[in-house]
Amino acid sequence: MVLLLPPAALSAPASCTVSRILCKAPIRSAAAFSFKRLRFSPFTPNFHARFRSTGVNGAAPELSSLGPEIIFLGTGTSEGIPRVSCLTNPLKACEVCLKATEPGNKNRRLNTSILVRYPSTSGIRNILVDAGKFFYHTALRWFPLFGLRTLDAVIITHSHADAIGGLDDLRDWTNNVQHHIPIYVAKRDFEVMKKTHYYLVDTSVVTPGAAVSELQFNIIEEVPFIVHDLKVTPLPVWHGQGYRSLGFRFGNVCYISDVSEIPEETYSLLKDCELLILDALRPDRSSSTHFGLPRALEEVRKIKPRQTLFTGMMHLMDHDRVNEDLKKLKISEGLDVQLSYDGLRVPVNL
Ligand SMILES: [Zn+2]
Ligand SMILES: [Zn+2]
């Protein structure tokens, strides 16, 4: 079954929202991107966007209405799951990585990322949080399947490779789908991008005629800002000692993908959270840069969201087995906690 979306619900090309950013100065003005590199205009809305009925396991996914939703584009660690090293290890079989090689298996996880998709006055908006090393593979897997086409903005949590390594892949969008993509990034991470993606930050170094991603950088601070009519509240956290990462709150959805410590002042921003999406690297303990499941559950008990979906799981987290254990907490403590998986779509209130 194929559901066609009405044209009004389709995504329009991204427009400049620089003036809507609070407490920041745009690094590049919209005017800097006003020229047309292309002689033809491929930037038309996708009138073929559709939700298809084929799901992760080949079964029909729950089709969301045209209301807001979170799409989990990736839920795994930096190296991805399965790990290549597990599949080539002659001495030890890794059960989770082996399972992850099966098509549609929920242990198959790419870099942590979500898409916030919501209707606005100008159509459906797609706000991406992080474009990591595997972004091309992520998009290849989910964009055609879910009828996604435009990227109206990208919000960056931090500047590790599994969060920004895919910025170069955005060239396919800005060359063939839309003029540019606004990127929302903290100053410290923008400084990193100046080195890792210097040619995307300063396109004057690019050989004339060569096509690179047309990104429009907007510096964010640790205060709320607006992206295409959506209020986004940064949730500052520590991701290792002395290293800051940002979670983000959209409506009553709180997303914290990379965290080892939540500062006291951030808890007040997590009040009345309906859906918490939280880092949980491994089943037994935390690492120096990520919550493990026991610590993540402690935080859930403290934050008290209505529902929690964990993300950022490594290969020690077997999807079905861990979820079976987590289900027991619903009975014993009333905790609604589960692991997310790549391709999961959750209707939300924004
Ligand atoms: Zn493994
Ligand atoms: Zn990181």
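Just so you know, these numbers come straight off a predicted model, no measurement behind them.

J.: Lay out the overall build of the protein chain in plain terms, naming residues and giving numbers.
T.: When helices and strands are counted, the protein chain shows ten helices and 16 strands. Taking all contacts inside the protein chain whose residues are at least 6 apart in sequence as the whole, residues at least 24 apart take part in 71%.

J.: Now, about the sheet that holds strand β12 (residues 253-256): what can you tell me, with residues and values included?
T.: The sheet built from seven strands is open, its strands ordered β9-β10-β11-β12-β13-β14-β15 with mixed pairing. The sheet is open, and its two edges are formed by β9 (225-227) and β15 (337-339), each paired on a single side. Adjacent strand axes in the sheet meet at a mean angle of 25°, parallel and antiparallel pairs treated alike. Relative to strand β13 (residues 275-279), β12 runs parallel, the two being bridged by four bridges. Bridging from a neighbouring strand, C254 pairs with L276 of β13.

J.: Can you explain the nonpolar core? Please cite residues and give values.
T.: Counting 77 residues, the largest nonpolar core has I114, V154, I155, Y184 and C254 as the members making the most contacts within it. Each residue touching Y184, except ones within four places of it in the same chain, is listed here: A153, I155, I156, N218, I220, F225 and V227.

J.: Go over the environment of D189, please, and point to the residues and values.
T.: Here D189 lies in helix α6 (residues 187-196). Each C-alpha atom of the pair D189 and I164 lies 9.4 Å from the other, and the pair is 25 residues apart in sequence. Beyond its immediate stretch of four places on either side in the chain, D189 contacts I156, H158 and S159.

J.: Residue-level account of the environment of L145, with values.
T.: Positionally, L145 belongs in helix α3 (residues 135-146). For the pair L145 and G343, spaced 198 residues apart in the sequence, the C-alpha separation amounts to 9.6 Å.

J.: Outline helix α10 (residues 319-333), listing residues and values.
T.: The terminal C-alpha atoms of α10 lie 21 Å apart, and with 15 residues this matches the ideal 21 Å at 1.5 Å per residue to within 8%. Just beyond α10, the residue with positive phi is G334, at close to 75°.

J.: Any chance you could break down the confidence of the model for the protein chain for me, citing the residues and the numbers?
T.: In the predicted model, the protein chain carries a mean pLDDT of 85, and 81% of its residues have values of at least 70. Note that residues 1-63 has pLDDT below 50 and, in this model, 107 contacts with residues that lie over four places away or in other chains.

J.: Run through the environment of L151, naming residues and quoting values.
T.: Mapped onto the elements, L151 comes out in the loop between α3 and β6 (153-155). Each C-alpha atom of the pair L151 and W173 lies 7.5 Å from the other, and the pair is 22 residues apart in sequence.

J.: Describe the sheet that holds strand β4 (residues 113-120), with residues and values.
T.: Reading across from one edge, β8-β7-β6-β5-β4-β3-β16 is the order of the seven strands in this open sheet, with mixed pairing throughout. At either end of the open sheet lies a strand with only one pairing partner, and these are β8 (215-220) and β16 (345-347). Going across the sheet, the axis of each strand differs from the next one's by a mean of 25°, ignoring polarity. Bridge count between strand β3 (residues 69-74) and β16: three bridges; the pairing is antiparallel. Bridged to I71 within β16 is R345.

J.: So what's going on with α3? Which residues, and what values?
T.: The end-to-end C-alpha distance of α3, which contains twelve residues, comes to 16 Å, matching closely the 16 Å that a straight helix rising 1.5 Å per residue would cover. For α3, the set of buried residues is F135, T138, A139, W142 and F146. Burial along α3 is one-sided: seen end-on, the buried residues are contained in an arc of 100°. For α3, the exposed residues lying more than 90 degrees away from the buried face are L140 and P144.

J.: Outline the pairing of β13, supporting the account with residue identities and numerical values.
T.: In terms of burial, β13 is largely enclosed, as five of its five residues are buried. As paired strands, β13 and strand β14 (residues 307-311) are joined by five bridges and run parallel to one another. Across the sheet, residue D279 finds its bridge partner in β14, namely T311. Between β13 and its parallel partner β14, the chain crosses via helix α9 (residues 293-303), and the hand of that crossover is right-handed.

What counts, and at which threshold
Residues numbered from 1 in each chain as written. Chains lettered and ligands numbered in written order. Predicted model: local features only at pLDDT ≥ 70, side-chain atom pairs only at ≥ 80, totals over all residues. Helix = DSSP H or I, 4+ residues; strand = E, 2+ residues; numbered from the N terminus. Contact = placed C-beta atoms within 7 Å. Pairing = 2+ DSSP bridges. Axes fitted to C-alpha atoms, helices over the stretch in contact; angles between N-to-C directions. Core = buried A, V, L, I, M, F, W, Y, C linked by C-beta atoms within 7 Å. Buried ≥ 20, exposed ≤ 12 C-beta atoms within 10 Å, placed from the backbone. Expected span 1.5 Å × (residues − 1). pLDDT = per-residue confidence, 0-100. Arc of directions from axis to C-beta. Right-handed = clockwise from strand over helix to strand, strands pointing away.

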